Amino acid sequence: MSAPRTVFDKIWDQHVIRTLTDGRTLLHIDRQMIHDGSNRQAFDAMRQMNLKVRNLDLNIAVVDHIVSSLPGRTGESHPPGIERIHALRNNSHEFDMEFYDVNDPRQGIVHVISPETGFTLPGVTFVCGDSHTATNGALGALAWGIGTTEVMYVMATQSLLVRKPQQMRITFDGSMAKGVYAKDLILYLIGRHGVKCATGFAVEYAGQTIRDMPMEARMTVCNMSIEFGARMGLMGVDEATIDYVRGRKFAPKGAMWDRASAQWRELATDADAPFDKEIHIDCADVKPQVSWGNSPQEMMSVDDRIPDPASMRDPERRASAETALKYMDLQPGQPLIGTPIDYAFIGSCTNSRLSDLEVAAAIVKGRRVRPGVQALVVPGSMDVKAAGEAIGLDKVFTDAGFEWRNAGCSMCVTSNGDVVLPGKRSISTTNRNFEHRQGPKSRTHLASPATVAASAIAGAIADVRKLMN
Amino acid sequence: MERFSQVEGVAAPMMVANINTDALSPTAAGKSTSVDIGKLLFANSRYHLDGSEIEDFVLNRPPFREAKILVAGENFGCGSSRERAVWALQKFGFRCVIAPSFADIFRDNSYQNGLLPLELPPEACQALADTLTKSNDPIVRVDLEKQEVTGPNGLRFPFGISQERKMALLEGLDEISVLRRMEPDIDAFQARDRIERPWIYERG
Ligand code: SF4
């Protein structure tokens, strides 16, 4: 009998090329996504060293971070991005890499298109120069964000030198109340346990609530692993995973599918496999979450009152809260509901898949966005956009006063010109509420697509449960 | 990669927890290759919207304008994976960041570029920062070979580091050369793996 292993162990073991005497592991990397945000220097370094991309089929490049979301966009629509979009286009061409350009129907945010096309498969190791790469872990993959130098290593050698992280399991049990979504669960976890709880760990999300969750919701949970401190977050493979992958463009077909899916069905944590740390969350306790500060751990239930820094025992949390309330222009002890907003953003790799848009559309249908609020829907991929249009979501949103844009990172990182103006307040389905993240002096509240939709209608932070009957 | 053995210089105290890479290198700094990312380090805290300096920001004050070492709070470098955050610190002149803990991606990015992410216990970081704030001569010396930090008023702390990272820094060794020496292992792995998992190499 071999020792019980976690899903993480099983994937890890399969990718070990060799172990070094210093304890590091040379790990094979099955998949890499390249984007326009930060990978240019990687190509420059390759050129300088006269290196070739080792396995072209295992790498795909796409524009997402700096591409305009405006209707009728081209690579030139956002002037500050022109240079970098050109660079990625030319680099992909020069190195012969598959590239999804601005008007390619396959274009979209890296972490949205990789599962959607079947480029991500269960059991793969997957890297990308973006910290939210763990999104792909929802398929039972080992996926993590890396820096530009490591992007270059992977292009050149299709492998990386890594140290095995510790392992943590988060078990979500209990049913989710009305108005509570995957986003609320992960925000609640981070709010309760903090942004560095999982530093140095790979996290497995488990439990009945996860097993009952559709695949896209699982991606939302894995997506924010990095805000919890973890570089990798993943889930075991079950029938929902297999069903999701079946028939996707790059998924294996025919006899190959049968072989592959049989292997994938093994990718679940064995009973009694040990974890270094375990956390349990009872989902029945979770209400819709909204952030009040400038760290993803500065989180509250929408109907609570803004906490008083004076009541916080940890001096670092207190100092951070004091600075945040000033920056956010909020008062301790006040409710968050009713705080007027200027922007409502639905998008980003956290919440821009079709099911996210459907949830938001159901809330806004037949209602109007409060005048003075700029409300944006930016689908995660052109494929999501087309699928949304096929079922009339574009009309629901535009009738309500939302703008319906083209795919990209948009207001998550603002590199494409979609910004929140100084001093303005935004409620957003993104993953970071850092100072200045959505533009200099912008004020960001993180929430689920449903809460953002309800707030857009109210013109102020709102409790979505009041609109659901 | 630049070699690292010892650094001695002004150390700037910034005892804030969770300093993120968006703060270190704001989005605007990534717009063009022609901007000086060192000038944009902490841009949103360092400059007013009109571009003038915010006087009381620590890196705008002498002698910290010349700092080579940063002493910061826990979970330094959290957030985005942008390696530009490390490059921005280096462009400003930093060679070493001392903090109680670092975010995983930032730590790796630092080592890849020869910036030393040095971990000391929280009390040691606080003591160092307090002394630097009061001292007329806020000089810190980091000796990688001896694994020791010395500060004003006789402060002295040993620190730990993995031996492979230490050697790479001392020799200025890029990991790509290590990886390329392992090509035969990678070839052998892929040859085996192509049989076990052909769908990885031939997309459907
Ligand atoms: S949407 Fe935001 S978090 Fe996601 S890949 Fe784009 S910039 Fe990164």
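Thresholds applied
- Residues numbered from 1 in each chain as written.
- Chains lettered and ligands numbered in written order.
- Predicted model: local features only at pLDDT ≥ 70, side-chain atom pairs only at ≥ 80, totals over all residues.
- Heavy atoms only, no water.
- Near = heavy atom within 4 Å.
- Nonpolar A, V, L, I, M, F, W, Y, C, P; charged D, E, K, R; others polar.
- Domains from an automatic or database assignment.
- Pairing = 2+ DSSP bridges.
- Helix = DSSP H or I, 4+ residues; strand = E, 2+ residues; numbered from the N terminus.
- Phe/Tyr/Trp six-rings, centres within 6.5 Å; stacked < 30°, edge-to-face > 60°.
- Buried < 20%, exposed > 50% of the residue type's maximum accessible area, 1.4 Å probe, protein only.
- Contact = heavy atoms within 4.5 Å.
- Salt bridge = Lys/Arg side-chain N within 4 Å of Asp/Glu carboxyl O.
- Polar contact = N/O pair within 3.5 Å; in protein donor to acceptor, adjacent residues only side chain to side chain.

**Quick look at the site of the ligand**
Residue and element names in this part refer to chain A.
Here comes step 1: Every residue near the ligand is listed here: H65, I109, H111, D130, H132, S348, C349, C409, C412, V413 and N431.
Here comes step 2: Looking at the shell around the ligand residue by residue, the class counts come to 5 nonpolar, 5 polar and 1 charged.
Here comes step 3: When residues of the shell around the ligand are sorted by domain, at least three fall in each of domain 1 (7–165 + 239–264) and domain 3 (291–468).

**Some words on the sheet that holds strand β17 (residues 403–404) of chain A**
Strand pairing within a sheet occurs via backbone hydrogen bonds; the two strands may be parallel or antiparallel.
Residues and elements named next belong to chain A.
Here comes step 1: Spatially, the 5 strands line up as an open sheet ordered β17-β16-β15-β18-β19, and their pairing is parallel. With partners counted over all chains shown, the strands left at the sheet margins are β17 and β19 (443–446), one partner each.
Here comes step 2: As defined by bridge partners, strand β18 (residues 425–428) adjoins β19 across 4 bridges and the pair is classed as parallel. Following the sheet pairing, S428 is matched in β19 by L446.

**Observations concerning the packing of aromatic side chains**
Residues and elements named next belong to chain A.
Here comes step 1: In the structure shown here, the tally under the stated rule is 14 aromatic pairs over all chains.
Here comes step 2: Ring centres of F8 and W12 lie 5.6 Å apart, and the angle between their planes is 25 degrees; on these two criteria the pair is classed as stacked. Of the two residues, F8 and W12 are both situated in helix α1 (residues 7–15); the distance of 4 residues between them amounts to about one turn of the helix.
Here comes step 3: Residue classification places F8 among the buried residues on the basis of a relative accessible area of 2%.

**Focus on the domain arrangement of chain A**
All names here are of chain A.
Here comes step 1: Each assigned domain of chain A is listed with its residue range as follows: domain 1 (7–165 + 239–264), domain 2 (166–233 + 269–285) and domain 3 (291–468).
Here comes step 2: Domain 2 and domain 3 are separated by 22 Å when their C-alpha centres are compared.
Here comes step 3: At the interface, 18 residues of domain 2 touch 25 residues of domain 3.
Here comes step 4: In this assembly, domain 2 and domain 3 are joined by 1 salt bridge.
Here comes step 5: One salt bridge connects E227 with R432, and the closest N-O pair in it is separated by 3.0 Å.
Here comes step 6: Linking domain 2 with domain 3 are 11 residue pairs in polar contact (both at pLDDT 80 or more).

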